[in-house]
Structure formats: structure tokens, C-alpha cells
Amino acid sequence: MKKFTQVLAAVMALALLVFASGCSNFNKIQKAYEKNEYTLNENVEQFASDLYAAAMDEETMEEMDIKLYFHVFVKNGSFLNFVVILEFDCSKEKMKEYMEDEDVKNAFIEAQENDYINGSCVFLYGDSAALEIFKNA
């Protein structure tokens, strides 16, 4: 559980570095996916949020001081072609604290090089076409 928390904190922190420079750009990402025939699936989003809440205890969530929003897009109503985007909301002070960790910085650099970060959002899953949409949003 502790390792999961550390990995999750690292992923969140790398997204937060970009987030500090501006507000959320999820709406822009959502419009790009909708333009390419994807729809937001709120039922799956709620399931992912519930699953995350079950995996993380309340004390850890408060300590991390980060809010996560899972967004799941499906293309043409098919769950065989879907995309998972993670959106972050965190204070600048907490973000700076996370970025002091060398592993977090390295993870951020790697994620940026692979174009998995767009503003306050991180591309978690999808095919190469879905990643292109994310990068260009």
C-alpha cells in the first residue's frame, strides 16, 4: 500500500508541475475527444473514483492534499476503444513539496517526453490515435 501511495504521489506531482502554470484544460481535451466521436462515460468515471477512494485511506488523501478526477471516454459507445485521463487539483505549495523529490522530477521529465501530460491532465490509457488527440488538444 505504501509503494502504491508513493507511485501515485509521483505521478500526481509530475502533472502538478504543469498545472501550477495555469488552470485546468480538461474542457479543451474533452472537446477534442468529442470532436473525434468519443463520449464521456460518467458511470465508468464514478466507478474509477470509487475504486481509488477504496484504495486510499482518508488520512492519506488529506495528507496528500490532492483531488483527482478520472475521466473516461469511449468511442462510438464501445468499451473496446476507450481513453482514461486523470485530472489533478492541488495547491501550489503542496506541488512544490512533491517536486523536491528527485524521483518525482525524473518521472515528470519522462512523462513530458512521452507527451502524457497536457496542463493539469495526464494520459493514462488509450491507443496511439487517442494519445495524438490528447497531445493536440
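The preceding data block contains the structure.
Now for a quick tour of the structure. Source: prediction; values computed, not measured.

Parameters at a glance
All residue numbers refer to position in the chain's written sequence, counted from 1. A pLDDT threshold of at least 70 governs which residues receive local features in this predicted model, and a stricter bar of 80 or more applies before side-chain atom pairs are shown or counted, although totals over entire chains, interfaces and linings include all residues. Heavy atoms from the whole structure form the basis of all side-chain values; hydrogens and water molecules are not counted. Note on conventions: DSSP H or I runs of at least 4 residues are helices, E runs of at least 2 residues are strands, and numbering of each starts at the N terminus. Between buried and exposed lies partly exposed: a residue is buried under 20% and exposed over 50% of the maximum accessible area for its type, with that area taken using a 1.4 Å probe on protein chains only. By construction, the arc corresponds to the directions joining the helix axis to the C-beta atoms. The contact criterion used throughout is that any non-hydrogen atoms of two residues lie within 4.5 Å. Under the rule applied, a polar contact is a pair of N or O atoms within 3.5 Å (in protein, one hydrogen donor and one hydrogen acceptor; residues adjacent in sequence only if both atoms are side-chain atoms).

## Describing unusual backbone geometry
- Despite not being glycine, Glu 37 has its phi angle at roughly 70°, a positive value.
- In this structure, Glu 37 sits in the loop between α2 (26-35) and β1 (38-40).
- In the Ramachandran plot, Asp 115 falls in the positive-phi region, its phi being about 60° despite a non-glycine side chain.
- With respect to the element layout, Asp 115 can be found in the loop between α6 (102-113) and β4 (117-118).

## Brief notes about helix α7 (residues 128-136)
- Within α7, the full set of buried residues consists of Ala 130, Leu 131, Ile 133 and Phe 134. With its buried residues spanning 155° around the axis, α7 presents them on a single face. In α7, the exposed positions angled more than 90 degrees off the buried face are occupied by Ser 128 and Asn 136.
- As for α7, its buried residues are in contact with α2, β1, β3 (78-90), β4 and β5 (121-125).
- You can read the cap of α7 off the contacts: a side-chain oxygen lies 3.2 Å from the backbone nitrogen of Ala 129, and it is on Asp 127.

## Here's the deal with the environment of Phe 70
- Residue position: Phe 70 is located in strand β2 (residues 66-75).
- In this structure the C-alpha to C-alpha distance between Phe 70 and Tyr 52, which are 18 residues apart in sequence, comes to 9.3 Å.
- With residues up to four places along the chain from it excluded, the contact list for Phe 70 reads Glu 45, Ala 48, Ser 49, Tyr 52, Ile 85 and Leu 86.

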